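Close look at the chain arrangement
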Amino acid sequence: MAGSYFLTTAIDYVNSAPHLGHAYEKVLADFFARHQQSIERDVLFLTGVDEHGQKVQQSAQREGIEPGIFAARMSAQFQKLYDNLGVKPSCFVRTTDAHHKTIVREWLQKLHDRGEIIFKEHAGFYSVRQEQFLTEKERVDGQWPEIFGEVIETKESNYYFPLEPYRERLVKYIQENPEWIVPAFRRNELLGALAEPLGDLCISRPKLRLAWGIPLPFNEDYVTYVWFDALVNYYSFASVKGTLRWPPDMQTIGKDILVPQHGIYWPIMLLALGIELPKRLLVHGFWTNSGAKISKSNAKSLVDPAPYVEKFGPDALRYFVLREMVLGQDADFSDERFETRYTGDLGKKLGNLVQRTLSMINSYRAGVVPNYDGFHLAEADAALRSDAVVDEYKRAVEQFAPHLALQAVWEFVARANEYIEQTAPFKLAKDPAQSKRLDVILGLLAETLRRLSVLVQAALPFTAEKIRAQLQLPPGPARLDEALFGNSLRGHVVGKPGVIFPPIEKQPSAGT
Ligand code: MSP
């Protein structure tokens, strides 16, 4: 093994059903996890759900059931969606897990013992939706912005974790580690937030108001603030066979939870406990739906990924989100864009290439991949033999640009389709004098499919397996360097072609 790689995603609130934004993040991380596996890293990949907190308690109350039952039911829904999407974490995190609760309490106790936690009374405005006290600074034109939902005036004694003592150290760390946050412009946003003194983070909620949480070890009348509970998951589930893997190589999060949660609270918790910081925060943008912000408070804006997975298959959704979103920026989802990608890139380009190639090998060479060693190769053949695509792919993934990695692969697909047009094997097949030339062309095309099965496996794992099955190759996943050109299929018998991306029949769209 070429070392190890540990990556995480945010864990989703289970107060309502998963949407496209949640699915994107998990697919993105799964893509990187599969990539790391293909370069022979021993991967630890965590994703899962954030089950405690007021929002979950309220949703359960609305349905008249216990929060634990509600959370378990919702968690299963998230897990099923991710499973259907081929997202394969090493462990599906649930914050109701007993071991996690123990670690959260241990961390709190340690901070308390070190004098990092204070108890004080606070009076002020409280956002029920965001589960936090607000400051006057947060008012816009005298009003509380909509993101805070219902805001009430209240007075409460609570436990606090003062952040200010760590601000300077954190700023220094960010300055000295320019690659800590990707993309770079998010770093400036965080440094901007750190230019002002930091307050004390309220890390408790009185049990009387919120029972659905982890009790504080030093006062059981209080439960832990949901973020102090949730962030700890990255550590409490970071073990492989009982051995801690730390720090994470990459933590994937959305732009809304960088400041302050992952950019301030999280590193300061770690600094205070003397635990190493994660090596990188990868911050992605938001999906909009036909131009509208996807938000739980606007039911119409929500894109439920499940019907798309059911109708078009998991890889269609995986491909769409990875290809369309420039990591870090926002992207827009619409049925039209989705269907264009599906029909064009997947059906007409990749699907057709596989089908045409296999049909020709079956028709002209009885399914046996010809050997072309020592034959004269024409200029057109060189483009298909080139290994440049593997380098481009790797570079793009290393630069956190899955869309460019897929673009490089699809340029390769386009070259192969053009090659068929240019060399016209269907014409050569009619002329016995062209038999050796036809061998070269079919051999190169078979090899191209084999290489493609490797190049698409991180993004489209199901498709990769279908291509391999049709080629009658052993199942993957393969090492990425197996995408390099070789002549390994000579004499190999391929299977019959099958449709990988069936055309969309004219029927109501998946979103309706
Ligand atoms: N539970 C917290 C995270 C705790 S991590 C220790 C949370 N949950 S969430 O369900 O609201 O969001 C989970 C992830 O989904 C976040 O990274 C968030 O940015 C992401 N997304 C939520 N809506 C999104 C879009 N519309 N588009 C892309 N990602 C979005 O925050």
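1. Topic: empty space enclosed by the protein
Where empty space is left becomes clear once a probe the size of a water molecule has been rolled over the atoms. Per the stated rule, a full pass over the model turns up 1 cavity of 30 Å³ or more. Empty space within the largest cavity amounts to approximately 30 Å³. Lining the largest cavity are Arg34, His35, Ser38, Tyr393, Val454, Gln457, Ala458 and Leu480. When residues in the lining of the largest cavity are grouped by element, the largest group, 3 residues, is from helix α1 (residues 20-38). Of the residues belonging to the lining of the largest cavity, the class tally is 4 nonpolar, 3 polar and 1 charged.

2. Section: the environment of Leu445
Its location among the elements puts Leu445 in helix α17 (residues 435-455). Separated by 92 residues in sequence, Leu445 and Leu353 place their C-alpha atoms 8.9 Å apart. Other than its neighbours up to four places away in sequence, Leu445 contacts Leu353, Thr357, Met360, Leu384, Ala416, Tyr419 and Ile420.

3. Overview of the site of the ligand
Taken together, 25 residues sit near the ligand, with Ile11, Glu25, Asp50, Asp256 and Trp287 positioned nearest. Glu25 places a side-chain nitrogen or oxygen 2.5 Å from an oxygen atom of the ligand. The backbone of Trp287 places a nitrogen or oxygen atom 2.9 Å from a nitrogen atom of the ligand. Taking 660 Å² as the accessible area of the ligand by itself, protein coverage stands at 96%.

4. Regarding the pattern of salt bridges
A full pass over the atoms with the stated rule returns 28 salt bridges. Residues Glu51 and Arg94 are paired through a salt bridge, measuring 2.8 Å at the closest nitrogen-oxygen approach. One end of the pair, Glu51, is in the loop between β2 (42-50) and α2 (54-63); the other, Arg94, is in strand β3 (residues 91-94), with 43 residues separating them in the sequence. Glu51 sits in the buried class, given a relative accessible area of 0%. With its nearest N and O atoms 2.9 Å apart, the salt bridge here joins Glu189 to Arg186. Of this pair, Glu189 and Arg186 both sit in helix α6 (residues 184-193), 3 residues apart, which is roughly one turn of the helix. The exposure class assigned to Arg186 is buried, which follows from its relative accessible area of 9%. Members of the salt-bridge network, linked through shared partners, are Glu324, Arg337, Arg341, Asp345 and Lys349.

5. Side note on the nonpolar core
Soluble globular proteins tend to bury their nonpolar side chains together. Core analysis: the largest hydrophobic core is formed by 102 residues, its most contacted members being Leu7, Phe32, Trp287, Tyr393, Trp410, Leu445 and Leu455. It is α17 that provides the largest number of residues to this core, a total of 11 residues. Those residues in contact with Tyr393 that sit more than four places away from it in its chain are Phe31, His35, Ala405, Ala408, Val409, Leu455, Ala458 and Leu480. Counting residues in each nonpolar core, the second largest holds 59 residues, with Phe161, Leu201, Ile253 and Ile275 among its members.

Reading guide: rules and limits
Residues numbered from 1 in each chain as written. Predicted model: local features only at pLDDT ≥ 70, side-chain atom pairs only at ≥ 80, totals over all residues. Heavy atoms only, no water. 1 Å grid on protein atoms, 1.4 Å probe; cavity = no way out; pocket = protein on both sides within 12 Å on 5 of 7 lines; lining within 4 Å. Points joined across faces, edges and corners; volume = space filled by probe spheres on them. Helix = DSSP H or I, 4+ residues; strand = E, 2+ residues; numbered from the N terminus. Nonpolar A, V, L, I, M, F, W, Y, C, P; charged D, E, K, R; others polar. Contact = heavy atoms within 4.5 Å. Near = heavy atom within 4 Å. Polar contact = N/O pair within 3.5 Å; in protein donor to acceptor, adjacent residues only side chain to side chain. Areas by Shrake-Rupley, 256 points an atom, 1.4 Å probe, with all protein chains shown as cover. Salt bridge = Lys/Arg side-chain N within 4 Å of Asp/Glu carboxyl O. Buried < 20%, exposed > 50% of the residue type's maximum accessible area, 1.4 Å probe, protein only. Core = buried A, V, L, I, M, F, W, Y, C linked by side-chain atoms within 4.5 Å.

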